[in-house]
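# Overview (structure and organization)
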Amino acid sequence: MKNRKAVHLVLKIVHRLCPSFLPLLVTMKLSGAAIPYVNIVGSSIVIDKLLQQKGFEDIFRCALWMIVLNFTLNMLTWGFDKLVNVRKYLLTEQIRKMIAEKGLTLDYEILEKKETLACIYKAREGMNANGDISVFCDRIAGMIGVIADIIYAAVLFFPVFLVSGNDSSIPFFRFVQSHLGGMALILILAGQLIVLGWSQRRMGALQKETFDLSVDANRHYDYYLSFLMDSSSYTKGKDVRMYDFGNTICENFKHDTGIMYNNYSGMQKRIEKYSFLNECCAAVFTIASYVYVGVKAGLGLISIGSVARYVGSFTKFSFALGSVVRAYTDISICAQYLAYFEKFMDIENEKYNGTLPIEKRDDNDYEFEFRDVSFSYPNSAEPVLKHVSMKLKVGKKMSLVGPNGAGKTTFIKLLCRLYDPTEGQILLNGVDIKYYDYDEYIRLFSVVFQDFKLFSFSIAENVAVSKEYDEDRVIRCLAQAGFTERLGTLKNGVHTQLYKLEKDGVEISGGEAQKIAIARALYKNSPLVILDEPTSALDPVSEYEIYRSFDKLVGEKTAIYISHRMSSCRFCNRIIVFDGGRIVQQGSHEELMEDKEGLYYEMWNAQAQYYA
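Residues numbered from 1 in each chain as written. Predicted model: local features only at pLDDT ≥ 70, side-chain atom pairs only at ≥ 80, totals over all residues. Heavy atoms only, no water.

### Considering the overall build of the chain
- On a plain count of helices and strands, the chain comes out with 21 helices and ten strands.
- When burial is assessed residue by residue, the chain has 46% of its 612 residues classed as buried.
- Looking at the chain alone, contacts between residues at least 24 apart form 75% of all its contacts between residues at least 6 apart.
- Element-wise, carbon and sulfur atoms account for 58% of the exposed surface of the chain, whose accessible area totals about 31900 Å². (Helix = DSSP H or I, 4+ residues; strand = E, 2+ residues; numbered from the N terminus. Buried < 20%, exposed > 50% of the residue type's maximum accessible area, 1.4 Å probe, protein only. Contact = heavy atoms within 4.5 Å. Areas by Shrake-Rupley, 256 points an atom, 1.4 Å probe, with all protein chains shown as cover.)

### Remarks on the pairing of strand E3 (residues 397-401)
- Extensive coverage of E3 is indicated by the burial of five of its five residues.
- In this structure, E3 lies alongside strand E8 (residues 558-563), joined through five bridges in parallel fashion. When the bridges of E8 are listed, Lys397 appears paired with Ala559.
- Sheet topology places E3 next to strand E9 (residues 574-579); four bridges connect them, and they run parallel. Directly across from Ser399, in E9, lies its bridge partner Ile575. (Pairing = 2+ DSSP bridges.)

### Some points on the nonpolar core
- By size, the foremost hydrophobic cluster in this structure holds 57 residues, and its most contacted members are Val14, Phe21, Leu25, Ile133, Phe136 and Phe314.
- Elements represented by at least two residues in this core include exactly helix H1 (4-17), helix H2 (21-51), helix H3 (56-105), helix H6 (133-162), helix H8 (179-213), helix H11 (245-298) and helix H12 (304-345).
- Among the elements that make up this core, the one with the highest residue count is H12 (15 residues).
- If you look at the next biggest cluster of nonpolar residues, it comprises 34 residues, including Met390, Leu414, Cys416 and Leu428. (Core = buried A, V, L, I, M, F, W, Y, C linked by side-chain atoms within 4.5 Å.)

### Side note on unusual backbone geometry
- Its identity is not glycine, yet Asp372 carries a phi of approximately 50°, on the positive side.
- Its place among the elements puts Asp372 in strand E1 (residues 367-375).
- Exposure remark for Asp372: the relative accessible area of 38% places this residue in the partly exposed category.
- The phi torsion at Arg417 lies on the positive side, around 60°, for a residue other than glycine.
- According to the relative accessible area criterion, Arg417 is buried, its value standing at 1%.

### Some details on a nonpolar patch on the surface
- Nonpolar side chains collect at one region of the surface, where Ile170, Phe172, Phe175, Leu180, Met183, Ile287 and Val291 lie side by side and expose about 660 Å² of accessible area between them.
- Where the nonpolar patch is concerned, the elements lending two or more residues are helix H7 (171-177), H8 and H11.
- Structurally, Met183 can be placed in helix H8. (Patch = residues over 30% accessible without salt bridge, like charges linked within 9 Å, V, L, I, M, F, W, Y side chains within 5 Å. Salt bridge = Lys/Arg side-chain N within 4 Å of Asp/Glu carboxyl O.)

### Side note on the environment of Ile358
- Looking at the element boundaries, Ile358 is found in the loop between H12 and E1.
- You can call Ile358 buried: its relative accessible area is 6%.
- Put simply, Ile358 and Leu428 are 70 residues apart on the chain and 9.4 Å apart in space, counted from C-alpha to C-alpha.
- Those residues in contact with Ile358 that sit more than four places away from it in its chain are Tyr366, Leu428, Tyr436, Glu440, Tyr441 and Leu444.

### Topic: the sheet that holds strand E4 (residues 423-428)
- Strand order in the open sheet formed by four strands is E2-E1-E4-E5, with antiparallel pairing between adjacent strands. Where the open sheet ends on each side, the last strands, each with one partner, are strand E2 (385-393) and strand E5 (431-432).
- As defined by bridge partners, E1 adjoins E2 across six bridges and the pair is classed as antiparallel. Its bridge partner lying in E2, Val373 is registered against Val388.
- The strands that helix H13 (residues 408-415) touches are E1, E2 and E4; relative to E1, the one it contacts most, it runs at about 120°. (Axes fitted to C-alpha atoms, helices over the stretch in contact; angles between N-to-C directions.)

### Structural notes on the pattern of salt bridges
- Summed over all chains, the structure comprises six salt bridges.
- When the shortest N-O distance is used, the salt bridge between Asp149 and Lys316 registers 3.9 Å. With Asp149 in helix H6 and Lys316 in helix H12, this pair connects stretches of sequence that are 167 residues apart.
- Ionic pairing is found between Arg417 and Asp420, a salt bridge with its closest N-O pair at 2.9 Å.
- Judged by its relative accessible area of 22%, Asp420 falls in the partly exposed class.

### A few points about the pairing of E9
- Bridge count for E9 against strand E10 (residues 582-587) is five bridges, and the pairing is antiparallel. When the sheet's bridge partners are listed, Ile575 is paired in E10 with Gly587.
- The turn joining E9 and E10, which pair antiparallel and follow one another in sequence, is formed by two residues; a positive phi near 60° is taken by Gly580.

### Details of the side chain of Glu461
- Within the element layout of this structure, Glu461 appears in helix H15 (residues 459-464).
- Here Glu461 falls in the buried class, since its relative accessible area comes to 15%.
- Beyond its immediate sequence surroundings of up to four residues, Glu461 is in contact with Ser466, Lys467 and Tyr469.

### Topic: the packing of H3 against H6
- As a packed pair, H3 and H6 sit with axes 9 Å apart at the nearest point and diverge in direction by 135°. Considering their axes alone, H3 and H6 lie oblique with respect to each other. Contact with H3, carried on its side by Lys88, Leu91, Thr92 and Ile95, involves Ile133, Ser134 and Asp138 of H6 and no other residues of that element.
- Looking at the contact of H3 with H6 residue by residue, the class counts come to three nonpolar, two polar and two charged. (Parallel < 35°, antiparallel > 145°, perpendicular 65-115°, else oblique. Nonpolar A, V, L, I, M, F, W, Y, C, P; charged D, E, K, R; others polar.)

### Concerning the side chain of Asn70
- Note that Asn70 resides in helix H3.
- Judged by relative accessible area, Asn70 falls into the buried class, the value being 14%.
- At 2.2 Å, the side chain of Asn70 and the side chain of Asn39 are in polar contact. (Polar contact = N/O pair within 3.5 Å; in protein donor to acceptor, adjacent residues only side chain to side chain.)

### A look at the sheet that holds E10
- If you trace the six strands from one edge of the open sheet to the other, you get E6-E7-E8-E3-E9-E10, paired in mixed fashion. Strands at the two margins of the open sheet, each flanked by one partner only, are strand E6 (445-448) and E10. With direction set aside, neighbouring strand axes in the sheet form an average angle of 15°.
- Strands E6 and strand E7 (528-532) of the sheet are contacted by helix H18 (residues 510-524), whose axis makes an angle of about 180° with E6.
- On top of the sheet, helix H21 (residues 599-607) reaches E3, E9 and E10; it is set at about 100° to E9, its chief contact.

### Re the packing of aromatic side chains
- Under the defined criterion, the tally for this structure stands at eleven aromatic pairs.
- Between Phe368 and Phe445, the ring centres sit 5.7 Å apart and the planes meet at 45°, which makes this aromatic pair tilted. Highlighted residues: Phe368 in strand E1 and Phe445 in strand E6, separated in sequence by 77 residues.
- Of the residues examined, Phe368 reaches a relative accessible area of 2% and is grouped as buried.
- A relative accessible area of 3% places Phe445 in the buried class.
- With a centroid separation of 6.3 Å and an interplanar angle of 20°, the aromatic rings of Tyr600 and Trp604 are classed as stacked. Separated by four residues within a single helix, Tyr600 and Trp604 lie in helix H21, roughly one turn from each other. Across the pair, exposure class does not vary: Tyr600 and Trp604 are buried alike.
- Here a set of aromatic residues connected by ring pairs shows up, and it is made of Phe368, Tyr441 and Phe445.
- In this structure, Arg473 is placed above the aromatic ring of Tyr523, and the distance from its NZ or CZ to the ring centre is 4.0 Å. (Phe/Tyr/Trp six-rings, centres within 6.5 Å; stacked < 30°, edge-to-face > 60°. Lys NZ or Arg CZ within 6 Å of the ring centre and 35° of its normal.)

Laid out in structure tokens, this is it:
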């Protein structure tokens, strides 16, 4: 089987997460597989006893035993099924948790790569389309059950091949009675098995081919469907209505639906041909087995009750053989999709994780240095930062300004070690930051990114990033961020749930969300606070007031303000001007304003009316 590594990994994970799951599943399949054979054997014995005119008590005893065994096996199967279903649910949740934890622990730089995102999508969609890990285990156990079916059936019908005779005057009957007849039946069965195996492999290849062809269309379909289902939300509904996006979305949705329909309908038509061939082969074997058993019964070589047993076991054997091939093919197909899961779980972090502790300093005397740093994003050869060199002393106020796309946010991502430089070094107190313990290192920073996220938790949990928090401190940080007035309108105060995940959740504006994000940065109480255009949703005057208030709040801490607007510059000891991925100017406001040809002078004068 292809992708044995993926199968082995999955079985190992299942055993570790839920050791009893597979044994219970296999036991359930074995007990369930035995039920039809109790009926086959029991009914054949009862028929023979009736024809032999045995006593009622003897016949009743046989029937009673058949009923008791049936009941016992059904109850065992039912009980095991309940135990398995509970464990299947727990296993599925644990697997999801494991995937989520893997994603959370991956380097940000790796997680953002196109290859990683594609791997995650294929793993998720492949498992959605072809069964998750618990379904895969169910298929493994199902195959074991089918193998048990084959063994049970073979044990029942094998004696018919030992019964032979040559006393018929009809050549065909003599052929059937002889061992040659049994060999012919076996050859017919072997032929059915070969055709079934070939057709199942072809159907599996068609399904995989169709899945790969439809990946992009499926991805688009999911996006447009989520948009259509969520088009009434306040975040999307306005644009949909004002710009009549509905028709465009529906047309794209229809286009991708058409691609998927054509792919799957084409696959289904081809699969139907193989299915028809399988049915024909199964019919040939069924007819042959009926003739084989019927002739022997007609010649008196086997009893009438045995006819029911042999015909039933032949039919079950034929079906079970087909099921084995189908199960093997299903497992092989599932393993191909699980290989994406295995590939995702095998992704290793590339970032060097140091062990040096961060020196605990009450005076926050830390110095960062960018030493000839250049950086290009994954899947892009174009550098975003080019040979940047500068020093940053904690305790100073700094503003990073420049046009959009100049490299300001990238500079901060490198400082926070979300990425490592493509070239050059970033040092903390003379030591390359990659040698420090990463968890300790990021505690130095409180950042409000331009694309910050709040979650559908309570306001307090969003601020404290924890279910455990100091409520008074949360309220104080919200007040410092200018959220007091809005907080006073909420009956549950800081315990108010954000967004509509909960029935009592509230929606907030972009400016209010930014204030909560700023309160979160204040609550963390790190020595270095960074605002990456968090006030872009505010008007310039409000932005200026936020910066002025925030400058007082950070006190002796380092504050780095990033903006393409200039309101933050008045409060800073140092201003760094970025353009085209390079530092083109640096100095105080007064120093930079002296350069009438400089970019800073041009940007300041373009916005000066807002800060007069």
